[in-house]
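# Per-entry structural report
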Amino acid sequence: MKIVVKFGGSSLASAEQFKKVGKIIKKDEARKYVIPSAPGKRTPDDTKVTDLLYSCYGQAILEEDECEENFESLLAAIKKRYEEIISGLGLTLSLDDEFRTIRENFSKKIGRDYAASRGEYLNGIIMAAYLGYEFIDAAEVILFDAAGNFDAEKTDKLLSKRLAKTERAVIPGFYGSMPGGKIKTFSRGGSDITGSIVSKAVHADLYENWTDVSGFLIADPRIVRKPKSIDVITYRELRELSYMGATVLHEDAIFPVRKEGIPINIRNTNSPEDKGTLIVEGTCRKPRFVITGIAGKKDFASITVEKAMMNSEVGFCKKLLEVFDGNDI
Ligand code: ASP
């Protein structure tokens, strides 16, 4: 049994959160491959490390004197966040050399993606040390082409070969590299994609995506009071809900695992006993509810028309569209 586990930023925002994650991983020895995000918000008005890195790099590439000061204070704030995690975990790990390299690369204006990726990279180093797992830099195994598009085929070949030799590993999420080594990131929230790619490469039995909610809810809690959670949802249903604004998982994270038939389980790091939502290709179980979930966008409607013998009725679509037309839809 092989499980790939991805932990989001809020699950890794502090040493306290790291400890919860450590317990979850140790509880099931099938949890062999770990994909960490960068440290996220500790409180609602906190700033994610990824956002601090973007700002810090923004200051590094400007020439004015006051930017130099801002750059220094932002870099110090980022370093402090990691050092607090390291000391809170009781690890003897120094990131001084890493930060020296990061500083040099920032001053060489190495690129915004490199800057953002350091959040996951450094968190991966800490996670590997904490768990005693091997650290694999995503730059070595997640490949993009020269135009900056993810190269699924090359990555799968390389990654599956590399992980076949590695019993347990930490692979930071969100980034990879282009030919020549330049760092490239996925779009925001992209660690979900890395988790999915790794799951495919190791033929995992399950991809667990740990976040700060116990899966998908059947409706938006800001609109409906205490909505129930969704136990099982199909990829197809999920796509509809995501399209309509239900944002728990990055859209592109679905394709790699779906191809392989690997289910995704959305779980809550702060409430690990909850079963969360299981995302599957299809289910022959009688659903708990007739409607899986409801999501919506203002002034936007999606209409499905089903009718027996529709294919034998010439002009049906025309008639249907006329109804919309006549009602100004
Ligand atoms: N750290 C990145 C972001 O904030 C990627 C991720 O968390 O998945 O978007």
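### Some words on the sheet that holds strand β7 (residues 206-211)
One open sheet holds the eight strands; their spatial order is β3-β4-β2-β1-β7-β9-β10-β8, and the pairing between them is mixed. Looking at which strands have only one partner, the edges of the open sheet turn out to be β3 (134-135) and β8 (232-234). Inspection of the sheet shows strand β1 (residues 3-7) paired to β7 by five bridges, in the parallel sense. Residue pairing across strands places Lys 6 opposite Asn 209, the latter belonging to β7.

### Points about a nonpolar patch on the surface
On the surface, Val 290, Ile 291 and Ile 294 cluster together into a nonpolar patch covering about 360 Å² of accessible area. Along the chain, Ile 294 turns up in the loop between β10 (277-280) and α11 (316-326). Residue Ile 294 is classed as exposed on the basis of its relative accessible area of 57%.

### Details of the pattern of salt bridges
Two side chains with opposite charge may pair up if their charged atoms get near one another. According to the stated counting rule, one finds 23 salt bridges in the structure shown. Between Asp 46 and Arg 81 there is a salt bridge, and its shortest N-O distance comes to 3.5 Å. Taken together, the residues span a long stretch of sequence, with Asp 46 in the loop between β2 (31-36) and α2 (49-60) and Arg 81 in helix α3 (residues 65-88) at a distance of 35 residues. We note a salt bridge from Asp 220 to Arg 222, for which the minimum N-O separation is 2.8 Å. We classify Asp 220 as partly exposed; its relative accessible area is 24%. Each member of the salt-bridge network shares a partner with another, and the members are Arg 42, Asp 46, Lys 80, Arg 81 and Glu 84.

### Focus: helix α4 (residues 96-107)
Helix length check: α4, at 12 residues, gives a terminal C-alpha distance of 17 Å against a target of 16 Å (1.5 Å per residue), a fit within 8%. Those residues of α4 that sit buried are Phe 99, Ile 102, Asn 105 and Phe 106. An end-on view of α4 places all buried positions within 125° of arc, on one side of the element. What points out from α4, more than 90 degrees from its buried face, is the exposed set Asp 97 and Ser 107. The first or second residue beyond α4 is Lys 109, which carries a positive phi of 55°.

### So, a negative patch on the surface
Residues Glu 64, Asp 65, Glu 66, Glu 68 and Glu 69 make up a contiguous surface patch of negative charge. Take Glu 64: it is sitting in the loop between α2 and α3. Residue classification places Glu 64 among the partly exposed positions, given a relative accessible area of 48%.

### So, the pairing of β2
Along β2, six of the six residues are buried, which leaves the element largely enclosed by surrounding structure. Pairing of β1 with β2 involves five bridges; the strand directions are parallel. When the bridges of β2 are listed, Val 4 appears paired with Tyr 33. Read from β1 through helix α1 (residues 15-27) to β2, the crossover connection turns out right-handed. Pairing of β2 with strand β4 (residues 169-170), which is carried by two bridges, proceeds in the parallel orientation. In the sheet register, Tyr 33 faces β4, and the bridge partner there is Ala 169.

Parameters and conventions
- Residues numbered from 1 in each chain as written.
- Predicted model: local features only at pLDDT ≥ 70, side-chain atom pairs only at ≥ 80, totals over all residues.
- Heavy atoms only, no water.
- Pairing = 2+ DSSP bridges.
- Helix = DSSP H or I, 4+ residues; strand = E, 2+ residues; numbered from the N terminus.
- Patch = residues over 30% accessible without salt bridge, like charges linked within 9 Å, V, L, I, M, F, W, Y side chains within 5 Å.
- Areas by Shrake-Rupley, 256 points an atom, 1.4 Å probe, with all protein chains shown as cover.
- Salt bridge = Lys/Arg side-chain N within 4 Å of Asp/Glu carboxyl O.
- Buried < 20%, exposed > 50% of the residue type's maximum accessible area, 1.4 Å probe, protein only.
- Expected span 1.5 Å × (residues − 1).
- Arc of directions from axis to C-beta.
- Lys, Arg positive; Asp, Glu negative; His and termini not counted.
- Charge placed at Lys NZ, Arg CZ, Asp CG, Glu CD.
- Right-handed = clockwise from strand over helix to strand, strands pointing away.

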